[in-house]
Amino acid sequence: MLRSLTYKGVYKSDQDHILEDFYFPTLTVANRYDRAVGFFSASTISYAAQALSVFVKHGGQIRLILGAFSDNQDLEAIKQGYREKEISEKIGSELLAMISHVSDELFQNRFETLSWLVAHGRLDVKIALRERGMYHDKVGIIADSAGDRVVFAGSANESSYALLPTHNYESINVFRSWIPVQAEFYDPHIDSFERLWRNESRHTAVIDIPTAVKERLIATARSMDYTPDPEIEAAIAGRILTATGRVVSTASSKPREPATINGQPFKLRDHQIAALEAWKAKGDFHGTFDLATGAGKTITAIHAIVKLSEKIDGLTCVIAAPYQNLADQWVDILSIFNIYPVKCYVSRSQWEDRLRNMVHELAMGSRSFAAIVVVNRTLKSPEFQECLSKIKGNRLLWIGDECHHHTSKAYEGFLPTHARYRIGLSATPEHYLDEERNERLNEFYGNIVSSYTLKQAIKDKVLTPYVYYPHLIEFTENEAEEFVDLSEQIGRVMARNNGKSGEISQQLSGLLMRRARLVGAAANKLPMLQAVLTGEKPKPHTLFYCGDGTVEADEEEDTLEESITQGKRQVEAVSSMLHGMSWDVSRFTSRESRKDRDNIMENFRLGIIDAIVAIRCLDEGIDVPACSTAYILASSRDPRQFVQRRGRILRRSPGKEQALIHDFITILPQDFYTDSHHAKRLIKSELSRVAEFSSLAENRSESYDTLGPVLRAYDLEHLI
């Protein structure tokens, strides 16, 4: 919250970095921002949008008032209620002409941020016109959810070329609403802004943003291929500052813990503290955290970053994530802790120079802290490896998110064995088939030093209680025969390995994928789903998980085109069926662009769409706390997918008291006889996990009524 931050009474640009020292930390904890600036120009819009890239992340609302030139006749016409459209269009064309003539990189970045906020309904803009001259006030009112406000006012000798305080001298005065003696300074600004917004200010007329300008903003937002973030803004500002002769860090000061997260006081839970203590005591700063999905692995690791940065000057933290959307999520959460990392993904041109400069600054001792977020694909690039090798090992903290990916032989030689501090994060660190991969996990990250189960998380109210409805789906006779045949082939291949898979061979991988596709796309699943949904109204915040026909494939590993096609067939069939039942759904697959995925997730969170139909992309790490209902049509034999998918659904969210899970489980037909030990063992292992999940449900007895007969048939009744 605002009152947890430390403020100076006055900030001056010759001594302070106002963007980093004031705007970034203040707007990070805000949920409302009112801003009034002078005449609309490149400089004023740049000042008005300072640090709004931080505000993008936190769901608040902004009101912006910009001044524009007018004459007395225009003002009188608007006040009399005529010619407003004509005058608005004239002003709009003037504003657009100003925008089109500015190519400055920082202006463009901030203009795109404003565009994004307008397009997402988060920013309202109005234009203020004066009888003579122009509206020239410069005031900001920043509020948080507790009702506290910070009011700042100041002036800058702005021109279309003055985009940064290095060009002109800027000064702002800051007043805090929780200090009563300052009321005489901040109350007039608050009252004045409200009068202006209501168009009740004397000698001033306020009109809505011209249609042409709003359309330009929305068109700009639609053409963007990224979501605005403070790391980009800080980097651009830093480059310009350096070019003008001032050496200023592009990152804020050292990491620090926030007073609140999502409006709640920040405090580590007991299991998070226990994990970090075990990491130090048991593993000597090496170790894997086996924490249930949704139990706060990310926050636990960031707490370690903060504490180590307090003790180690020049600490570098490198976080490796499997996918870009998961890396973006890390960047968002790190910003809450005042950490703005170099993002090593997307295009090498966007990160290589920044990374090399950062490593150079570390080597020269001119940087006290550095953070890097890298995706696994970039991790193996020669450019990244060269920079990584130059970071001193005794100051290197390596965090592997979904660290089980790094147990593949594909990563041999790419993980930093010189890193003194290592944390592996995963809700499912151990591979269910491959002991060699498990050994490699322990060799690099260290043993599992802390475990926190789903049962503990629900009991401690870290995760949401749930109701569980298992639906047993029988194979058709042809599917059953193919399933048994594939199981026998898999058994023979594994037998040749003395019951151990070792590094899974291409032959075994292909057989496992074929069987997984068969299970995931069993013919009777869609009719069962339709029967379950019949009579149900579409519900917001619902997930439908479809199969992609794979068992487990890292980002770098090839998947069979056939498996992708099979997954697409199911996701398309489910989407089509839901549309026919009046559901408003979006598909979330590997083929959607980053921009499309961001829009889908935002629409899902806001309830603009009812549901997401997903394959695999949401399996690991992506937060979907708003989700309250899920239909799991397909999970592979790998417990990892099963655990990850149910974990997505149990994350806590405001107003979410209970989750609802429908699980579609494929079994052999009752009258189908087989003496295949391998087929029976697979069904038995599937049912064991289902029984475990059922045993933790709020409706345990009800789910037992469904599962009881088949559990007895496989001698598993004791599990529920």
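Residues numbered from 1 in each chain as written. Predicted model: local features only at pLDDT ≥ 70, side-chain atom pairs only at ≥ 80, totals over all residues. Heavy atoms only, no water.

Mapped onto the elements, S694 comes out in helix α24 (residues 677-695). You can call S694 buried: its relative accessible area is 0%. Separated by 2.3 Å, the side chains of S694 and S703 make a polar contact. (Helix = DSSP H or I, 4+ residues; strand = E, 2+ residues; numbered from the N terminus. Buried < 20%, exposed > 50% of the residue type's maximum accessible area, 1.4 Å probe, protein only. Polar contact = N/O pair within 3.5 Å; in protein donor to acceptor, adjacent residues only side chain to side chain.)

This part is about the environment of Y704. Structurally, Y704 is set in helix α25 (residues 700-713). Each C-alpha atom of the pair Y704 and Y469 lies 9.5 Å from the other, and the pair is 235 residues apart in sequence.

Where charged atoms from two side chains of opposite charge come close, those side chains can pair. Following the criterion strictly, the structure yields 13 salt bridges and no others. When the shortest N-O distance is used, the salt bridge between E194 and R63 registers 2.6 Å. Highlighted residues: E194 in helix α7 (residues 183-197) and R63 in strand β3 (residues 61-68), separated in sequence by 131 residues. Relative accessible area serves as the criterion here: at 24%, E194 is assigned to the partly exposed category. Between E352 and R348 there is a salt bridge, with its nearest N and O atoms 2.8 Å apart. Residue E352 and its partner R348 are located together in helix α13 (residues 348-364), separated by four residues, close to a single helical turn. The exposure class assigned to E352 is buried, which follows from its relative accessible area of 15%. According to the relative accessible area criterion, R348 is partly exposed, its value standing at 41%. (Salt bridge = Lys/Arg side-chain N within 4 Å of Asp/Glu carboxyl O.)

What follows deals with the packing of helix α10 (residues 270-281) against helix α11 (residues 297-311). Where α10 meets α11, the axes come as close as 10 Å, and the angle between the chain directions of the two elements is 55°. What the angle tells us is that α10 and α11 run oblique. By crossing handedness, the relation of α10 to α11 is classed as right-handed. For the pair formed by α10 and α11, the contact residues are Q272, A275, L276 and W279 on the first element and I299, T300, H303, A304 and L308 on the second. When grouped by side-chain class, the residues that make up the contact of α10 with α11 number six nonpolar, three polar and no charged. (Axes fitted to C-alpha atoms, helices over the stretch in contact; angles between N-to-C directions. Parallel < 35°, antiparallel > 145°, perpendicular 65-115°, else oblique. Left-handed = near helix turned anticlockwise from the far one by under 90°. Contact = heavy atoms within 4.5 Å. Nonpolar A, V, L, I, M, F, W, Y, C, P; charged D, E, K, R; others polar.)

Any functional reading would require information that these geometric values do not contain.
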